[in-house]
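Here is what each chain is made of, one letter per residue.
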Amino acid sequence: MAVSPRDSAAVLAQAAVTVGPLIRSRVSGLPPEIRHVAGLHFGWWNDDGAALETAPAHKSVRPALTLLACQAVGGRAEAAAPAAVAVELVHNASLLHDDIIDHAPQRRGRPALWAAKGLPAAILAGDALFFTAVQTLADLPEASRTVPVLLACVQALIEGEYLDTLLEATADATEHQVLAVAAGKTGELLACACELGAAAHNAGPERAGHLRAFGHHLGIAFQRMDDVLGIWGDQAVTGKPALSDLRARKMTLPVATAMTGDTPSARELRALYRAQEPLTGEECLRAAELIEKTSAREATLERARQYTADALKHLDLAQPEPQAGAELTALAELLTARDR
């Protein structure tokens, strides 16, 4: 009997229910002080250790992809739960370090951990989550297949993050360089999520490869949308201050596209980005105005659409089970159709 696909909200909610307690169990195994600051990052308790009545909701995008990828090749979602936990732990570890590198004061509408508890706490909490993610897979019989995939993903994340820092030191980044950062920082983790999900049901290399490619292209499309939101997003939705990417002089695709050429707007924007200090509020507004004068916003959205289309082609080639395929398609469209 055919089962109707769930909507994306239900998919994400179920992923949170499946994976959330397992993540909390893994974090509970950390030494007390690190466990405490990790819990602050996740929003489980306050600084005194008292449980919060309403913990912040987490989108569970990466766990959902992992579980659905397993179902797409005929497996049960529960079989991929440890892999989903590992991927989400890596994601949160990268967020802790990313906030430090970017000097981002907020995360998910709350003070970032480094801002609340200091740099050492945030660095060490991130390190702990990375190693806990690896241990989550190392404890399983199939560790020899899955741990190398996760480790390669972490190395790609580190490379992407470092490339990002190098771009921040220049006002002449190319579109190719910006896309390389997205491939490492975002595409690789979503690719890993899908590959590990397929591996949880012993999918063949061709099928697993197409699911990995689906995640990779989806991750780049997702990052392109984040580039748009980092300039024009609604803070109430994104949880980040308005114009935050411009204030930090982040080299995103709209910025790199707007800097192309030798127009007065491009020259002025490059001059703003060569400043040594974060942009002032007035300078951020001016930078956004300069970018708006070009076709950079629409060009970035078109890039996102192209990568989404490529992702869906690979999903089709993976010959997914009908329900999981429909839910992966809907989730991809949700992630890449955001405009706030």
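Everything below is about the structure shown above.
(A) How the structure looks around the overall build of the protein. A tally of helices and strands in the protein yields 16 helices and two strands. Its C-alpha atoms give the protein a radius of gyration of 20 Å, within 12% of the compact-globule value 20 Å for 340 residues. Each principal axis of the C-alpha atoms in the protein carries an extent, and together these give about 60 × 50 × 35 Å. Taken over 340 residues, the protein has a buried fraction of 50%. Across the protein, contacts joining residues at least 24 apart in sequence account for 70% of those joining residues at least 6 apart. Carbon and sulfur atoms provide 57% of the accessible area of the protein, an area that totals close to 15300 Å². Between the averaged position of the 31 positive side-chain charges in the protein and that of its 41 negative side-chain charges there is a distance of 1 Å.

(B) Summary view of a nonpolar patch on the surface. Judged by side-chain polarity, L119, I123 and L124 come together as a nonpolar surface patch covering roughly 250 Å² of accessible area. Mapped onto the elements, L124 comes out in helix 6 (residues 119–138).

(C) Representation of the packing of helix 1 (residues 8–28) against helix 16 (residues 322–335). As a packed pair, helix 1 and helix 16 sit with axes 9 Å apart at the nearest point and diverge in direction by 100 degrees. Considering their axes alone, helix 1 and helix 16 lie roughly perpendicular with respect to each other. Here S8, V11 and L12 of helix 1 come into contact with helix 16, specifically with E327, A330, L331 and L334. Class assignment for the residues of the contact of helix 1 with helix 16 results in five nonpolar, one polar and one charged.

Calculation rules
- Residues numbered from 1 in each chain as written.
- Predicted model: local features only at pLDDT ≥ 70, side-chain atom pairs only at ≥ 80, totals over all residues.
- Heavy atoms only, no water.
- Helix = DSSP H or I, 4+ residues; strand = E, 2+ residues; numbered from the N terminus.
- Rg over C-alpha atoms; globule rule 2.2 N^0.38 Å.
- Buried < 20%, exposed > 50% of the residue type's maximum accessible area, 1.4 Å probe, protein only.
- Contact = heavy atoms within 4.5 Å.
- Areas by Shrake-Rupley, 256 points an atom, 1.4 Å probe, with all protein chains shown as cover.
- Lys, Arg positive; Asp, Glu negative; His and termini not counted.
- Charge placed at Lys NZ, Arg CZ, Asp CG, Glu CD.
- Patch = residues over 30% accessible without salt bridge, like charges linked within 9 Å, V, L, I, M, F, W, Y side chains within 5 Å.
- Salt bridge = Lys/Arg side-chain N within 4 Å of Asp/Glu carboxyl O.
- Axes fitted to C-alpha atoms, helices over the stretch in contact; angles between N-to-C directions.
- Parallel < 35°, antiparallel > 145°, perpendicular 65-115°, else oblique.
- Nonpolar A, V, L, I, M, F, W, Y, C, P; charged D, E, K, R; others polar.

Just geometry here; none of it tells us what the structure is for.
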